[in-house]
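# Observations on the three-dimensional arrangement
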Amino acid sequence: MDIAAITSAWVAGWTVSRGTPPAVVEPWGYRIDVGLPGHVFRHVLPHPDAVSVGKLCAGIAERGAWLKVMAAPEEVTPWITEGWTVPDDPGFMMTKRLDPSVRPAPPEGYARTTETRDGVIRVRILAPDGTLAARGQIAPTGETAVADQIETDPAHRRRGLGANVMRTLEAAAAQAGAETGVLSATTDGMALYDSLDWYYRGPLTGIVRTA
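Cut-offs used in this document
- Residues numbered from 1 in each chain as written.
- Predicted model: local features only at pLDDT ≥ 70, side-chain atom pairs only at ≥ 80, totals over all residues.
- Heavy atoms only, no water.
- Helix = DSSP H or I, 4+ residues; strand = E, 2+ residues; numbered from the N terminus.
- Contact = heavy atoms within 4.5 Å.
- Polar contact = N/O pair within 3.5 Å; in protein donor to acceptor, adjacent residues only side chain to side chain.
- Core = buried A, V, L, I, M, F, W, Y, C linked by side-chain atoms within 4.5 Å.
- Buried < 20%, exposed > 50% of the residue type's maximum accessible area, 1.4 Å probe, protein only.
- Salt bridge = Lys/Arg side-chain N within 4 Å of Asp/Glu carboxyl O.
- Pairing = 2+ DSSP bridges.
- Right-handed = clockwise from strand over helix to strand, strands pointing away.

## A look at the environment of Arg-201
Checked against the element boundaries, Arg-201 lands in strand β12 (residues 199-209). Residues Arg-201 and Met-94 lie 107 residues apart in sequence; the distance between their C-alpha atoms is 5.3 Å. Apart from the residues within four sequence positions on either side, Arg-201 is in contact with Met-1, Ile-3, Ile-6, Met-93, Met-94 and Thr-95. In this structure the side chain of Arg-201 is engaged in a polar contact, spanning 3.1 Å, whose partner is the side chain of Thr-95.

Now the structure itself:
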């Protein structure tokens, strides 16, 4: 998959995962109406440049508007105008060939649940006391599936829970017909995904209207 196909798959799966309306195709990429405080909408640009980013920045006044561009922060920063900020934590687009057979048992003492609702597969791992220890979800959309909102409670880290959630999601998505997984990793998440054989495909930088 090239970066345009990866971006298209990520946008399609992300909208399903987050329950937003389908993305609108624009000349520069995609627009997603998110409708949340601090995240009103986002424009996704698979092939950004100074002209396209600068034009969007100049034409958008709403606080909480986001641009997501497939370029590194140091490349993007000179393109933005006053009132826009590049957050500190960069993103990393990653993909993986999914395996329907890999679904290990949770660590001893933990319980795992898997459910599918509104096209999204959700996995939760509960601690021995019944509290939520780790979670994640994945949205299959045909041949691809987007993993999203992978979280492990700090009190339960370094016990393999994040890996267990991911393996379970990957297998479930593959069994639903998806062949390739797509995700946007944070700096903290990169080590986990690297250990699970996800491959880095390019940078993803967020730009937010703050003023």
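So that's the structure; there's more coming.
## Section: the nonpolar core
Within the largest apolar cluster, 27 residues are counted, with the highest numbers of intra-cluster contacts made by Met-94, Ile-138, Met-166, Leu-183, Ala-185, Tyr-193 and Trp-198. Taken together, the elements giving at least two residues each to this core come down to β6 (91-97), β8 (120-126), β9 (132-141), β10 (144-152), α4 (161-175), β11 (180-185) and α5 (190-195). Residue contributions to this core peak at 7 residues, all from α4. Look past the residues within four positions of Met-166 in its chain and what remains in contact with it is Ala-147, Ile-150, Leu-183, Leu-192, Tyr-193, Leu-196 and Trp-198. Ranked by size, the runner-up nonpolar core spans 16 residues in total, among them Leu-56, Cys-57, Ile-60 and Val-69.

## Section: the pattern of salt bridges
Applying the stated criterion to the full structure yields 6 salt bridges. For the salt bridge of Asp-148 with Arg-18, the shortest nitrogen-to-oxygen distance reads 2.6 Å. Of the two residues, Asp-148 sits in strand β10 while Arg-18 sits in helix α1 (residues 3-18), which places them 130 residues apart along the sequence. The partner of Arg-31 in a salt bridge is Asp-33, and the shortest N-O contact between them spans 2.9 Å.

## Description of the pairing of β10
Here is the key point about a regular strand: its side chains alternate between the two faces of the sheet. Relative to β10, β9 runs antiparallel, the two sharing 7 bridges. Paired with Gln-137 across the bridge in β10 is Asp-148. Counting the residues between successive antiparallel strands, the hairpin from β9 to β10 contains 2 residues, one of them, Gly-142, with a positive phi of roughly 85 degrees. Sheet topology note: the β10/β11 ladder contains 3 bridges and is parallel. When the bridges of β11 are listed, Thr-144 appears paired with Thr-180. In the classification by handedness, the crossover that spans β10, the intervening α4 and the parallel β11 is right-handed.

## Observations concerning the pairing of strand β7 (residues 111-117)
One ladder, built from 7 bridges, connects β7 with β8; its direction is antiparallel. Within β8, the residue paired with Arg-112 across the bridge is Ile-125. Following β7, the chain reverses through 2 residues before pairing antiparallel with β8; Asp-118 in that reversal takes a positive phi of roughly 55 degrees.

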